[in-house]
Every structure is written in C-alpha cells, then in structure tokens.
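# Overview (structure and organization)
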Amino acid sequence: MMEIQCIDCQQTSSDPLAWRCEACGGVLDFSAYPPFDADAIDAHDFSLWRYRAWLPVEQHVSLGEGLTPLARVRISDDDLLLKLEYLNPTGSYKDRGTVTMMNHMASHGVTNVVEDSSGNAGASVAAYSTALGIHPRIYVPAHGSARKKALIEHVGGELMEIGGTQEAKTIAARQAAATIPYASHAYSPYFVLGQMTVAFEVWEQCQRTAPDVIVTPLGHGGLFLGFARGFALLHAAGYVERVPTMIAVQSDHSDPIVRAYETGTSDPAPISTGQTIADGIIVADPVRGRAVLEAIATTGGAAFRVSDAAIQSARATLARHGYVAEPTSATTLAALPQVRAHVGTSASVVLALTGNGLKYI
Ligand SMILES: [Zn+2]
C-alpha cells in the first residue's frame, strides 16, 4: 500500500494536497513505491508515460515530457553519456516531476496553485497548470532573470514579484499556500515520483543495464533521488546488478551537501549561500538532504563542489561539442576530474544536463 508519510514523525498524511506534515511540519515522502515490471512498459508511447503501468497517477495532460536522448560524446579523450534533460517541453528536467505533481493535483479538483521559483520550476509549473486549466500564481524575486520571468508569463503564469532576499518569495508563497494548494517542486513527493522515470529510461537506453556512475547537479535533490530510487527499484526487481554510484555536484557558493559529505554527518546543516552562475542550485537547506546523503553513502558515491570559473569553462566545452546547456547543468562536467579520481577512468559515466542554455543566450 502506497502511503505518504512524514520523514520525521512517520505520521501518515491524510490530505492528498498537503505539502508538509500536518503534525510536525516535516517533509513528506512515499512510504514505498510500486515494484517495476519491465513487461508492463508501453513500447508504443515515446514519452515517460511508457511507464504508465508503474506510475500511480492518472494522466489528464501530457506535453510529451520524458524519453530524452542519452547522447554519447568524447570530451578530452573521455567517453561520456549525456542525459539531455534540457530537451523536455519547457526546457528543463523539472517537467518530468511537474507532470506527475500537477496531474495528481488535477485528480483532486485543484483549480489554483502557488509555487515559488525564479527559474525552471516556475515555467514548468506554469505551463502544466495552464494546460490543465489550473491557474498558476508564481512567486519570483523582483531582481530575478527577466527572461525567465517572461517565460513564466508566456505560458500563463501570474507573476508575483517579491522584493528583498531570495527567501522572501518563499515566505510569501507559503503564506499564500495557507489557502491555495502549494505546487512545490521542492516538497511534493509526486515531483520525486516523476523524476524516477529518468532511471528507467537510462536503463532502457543502456540496453537494459545500469551505467556505473550518475552525476547530477544538486539543489533540493529531486533529480538525484529520482535516479537513485528508480535504479533501486530496478535492482529490487532483479533488472540490474547494482545501483549506480551516485555523485552530487554543487557550487562552491552553495554547498550544504558537500560540507555534510566531507564531515560525515547524515543531516546537512543550513548554510548561507552566495551568488553563483549555477543559479538553479542555490539552496541553503536542501529539502531532501538526508535522503541524498543516504543514497551517496549506500552507493559509494560522493559530493563535489565546483567554482564559477570551472562551470564557465565546462559550459564552453559543452557548447564546442554542440550541447547548449545552462550553467547549472555544466557543473557536472566541471566536476569530471573529481569524479574520475573517485570512480576511475574505465567507469561508464552519465552526466545529467538539466536545463536548456537557450534561456541564457
Ligand atoms: Zn511529522
């Protein structure tokens, strides 16, 4: 039986639209996931809905999300696999989790939502909400990227520009969430659920095997846990011999997970963040930090930090090979020397490219 539980007090949530524990305010998560059955894949569906038999969500709307390419590239004599998540409908991996979160909310009759995001998540939630006939109100920092704000409005989002610090927009959204359902990419268990399909795809794209290593940028941990939990299900069902080594990459101006990994603690402490060009992963207190550290520990993984200079250089390298990724995505390539030092030169490595660089040109 799939239940939604608090990760702190273990209380089962009775409200399908709750974004945090009604009892203690803790983070909610599924107590278990349905087992994965490869025979149930709908091979005629070329989106993530090819796994509809597994997904515990009814589809009201799809924008064709998922089934993104796994490209092979040779960079500086290193053979790599690039999972092109930036080719999702609104230009980021967020769509993979937004589609399950918003379809779930539509099943419960939601007509209005709030979300706080200055970037990819705001555009993604706005687009899927609009397609479902749900009114999206998106809280953004007043000083945020004008192009990303324009994209949110372009796909039907009502922009709520909040002055002050980065945190101010989150506080404003949470106040609104007292009366309007909160479509939070950071908190919703249904967001992580959709992210798990990325693992099933990579498994199919690797001739039904697991790559040795997965590298993702890390903000709240949604995509990282999608990979880790998806491969854990494949392992539980006997389809892969082991879960890939999971490696998280953060900016050296926003590195709470790296600090926790280095000190060996299982519970990351909130930090004060600085500015970085990797603006998609400026997160002081990752919502799913404990689960991320556990996945790192159980897979022999690691967490590495990279500088803006290294990110810039990696992004330019990707562009020279024809891949137009946003700075946040380039953190994965920027960390490659550290990744190779950790896993060796012969391991097969997948880098997740999460956001479309066209939003930055
Ligand atoms: Zn609780």
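Attention in this report is confined to the structure presented alongside it. Computed from a predicted structure; not experimentally measured.

### Details of the nonpolar core
Phe36, Trp54, Met102, Phe224, Phe227 and Phe231 are the most contacted members of the largest nonpolar core, which totals 73 residues. With eight residues, helix H7 (residues 222-236) is the single largest residue contributor to this core. When neighbours within four sequence positions are excluded, Met102 is seen to be in contact with Val113, Val125, Tyr128, Ser129, Leu132, Ile134 and Ala183. Core analysis: the second largest hydrophobic core is formed by 31 residues, Ala278, Phe304, Ala314 and Tyr323 among them.

### Quick look at the sheet that holds strand E7 (residues 158-162)
Taken together, the three strands give an open sheet; going across it, the order is E5-E6-E7, and neighbouring strands pair in parallel fashion. The sheet terminates laterally at strand E5 (112-116) and E7, the two strands that pair on one side only. Recorded for the sheet is a direction-independent mean angle of 20° between the axes of neighbouring strands. Examined bridge by bridge, strand E6 (residues 135-141) and E7 share five bridges and lie parallel to one another.

### With respect to the coordination of the zinc ion
Protein-derived ligands of the zinc ion are Cys6 (SG), Cys9 (SG), Cys21 (SG) and Cys24 (SG), with the metal-ligand distances lying across 2.2 to 2.3 Å. Coordination geometry of the zinc ion: the four donor atoms subtend angles of 100 to 119° at the metal centre, consistent with an arrangement described as tetrahedral. Mapped onto the sequence, the residues coordinating the zinc ion show the spacing C-x2-C-x11-C-x2-C. On the criterion of sequence distance, the pair formed by Cys9 in the loop between strand E1 (4-6) and strand E2 (28-30) and Cys21 in the loop between E1 and E2 is long-range, its members being 12 residues apart. By relative accessible area, which is 34% here, Cys9 ends up partly exposed.

### Concerning the pattern of salt bridges
Applying the stated criterion across every chain, the model contains 17 salt bridges. In this structure, the salt-bridge partner of Asp29 is Arg229, at a minimum N-O distance of 2.8 Å. Linking Asp29 in strand E2 with Arg229 in helix H7, this pair joins segments that are 200 residues apart in sequence. Accessibility expressed as a relative area gives 17% for Arg229, which makes it buried. In this structure, Arg137 engages Glu158 in a salt bridge whose closest nitrogen and oxygen atoms are separated by 3.6 Å.

### Here we look at the pairing of E5
Among the five residues in E5, four count as buried, and that is most of the element. Pairing between E5 and E6: five bridges, direction parallel. Counted as the bridge partner of Val114 is Arg137 from E6. Running through helix H2 (residues 120-131), the crossover from E5 to the neighbouring parallel element E6 is right-handed.

### Let's talk about the sheet that holds strand E8 (residues 213-217)
Sheet architecture is open: six strands sit in the order E3-E4-E11-E8-E9-E10, paired in mixed fashion. Taken across any chain shown, the strands that pair with only one partner, and hence form the sheet edges, are strand E3 (70-75) and strand E10 (302-306). Direction aside, neighbouring strands of the sheet carry axes that sit 30° apart on average. Note that E8 and strand E11 (residues 349-353) share three bridges and pair parallel. Across the sheet, the residue bridging to Ile214 is Val350, located in E11.

Rules used throughout
Starting afresh in each chain, residues are numbered from 1 along the sequence in its written order. For this predicted model, a pLDDT threshold of at least 70 governs which residues receive local features, and a threshold of 80 or more governs which side-chain atom pairs are given and counted, while totals over whole chains, interfaces and linings are taken from all residues. To obtain the side-chain values, all non-hydrogen atoms of the structure were included, while hydrogens and water were left out. Each nonpolar core is a collection of buried residues, namely Ala, Val, Leu, Ile, Met, Phe, Trp, Tyr and Cys, held together in the definition by side-chain atoms within 4.5 Å. A simple rule labels every residue: compare its accessible area, found with a 1.4 Å probe on the protein chains alone, to the largest value its type can have, and call it buried under 20%, exposed over 50%, or partly exposed in between. Segments assigned H or I by DSSP are reported as helices when at least four residues long, segments assigned E as strands when at least two residues long, and all are numbered from the N terminus. Should any heavy atoms of two residues lie within 4.5 Å, those residues are counted as being in contact. Note on pairing: DSSP must find at least two bridges between two strands before they are called paired. For every element, the axis is a line fit to its C-alpha atoms; helices are fit only across the contacting stretch, and the angle between N-to-C directions ranges from 0 to 180 degrees. Distances define the donors: N, O and S atoms within 2.8 Å of the metal qualify, as do those within 3.2 Å of Na, K or Ca. Water is excluded, so some sites may look unfinished. Four donors are marked tetrahedral only if all angles between them lie between 85 and 135 degrees, whereas four are marked square planar and six octahedral if opposite donors are more than 155 degrees apart and the other angles lie between 65 and 115; the remainder are marked irregular. For salt bridges, the criterion is a side-chain nitrogen of Lys or Arg within 4 Å of an Asp or Glu carboxyl oxygen. Seen with its strands pointing away from the viewer, a crossover is right-handed when the path leading from the first strand over the helix to the second is clockwise.

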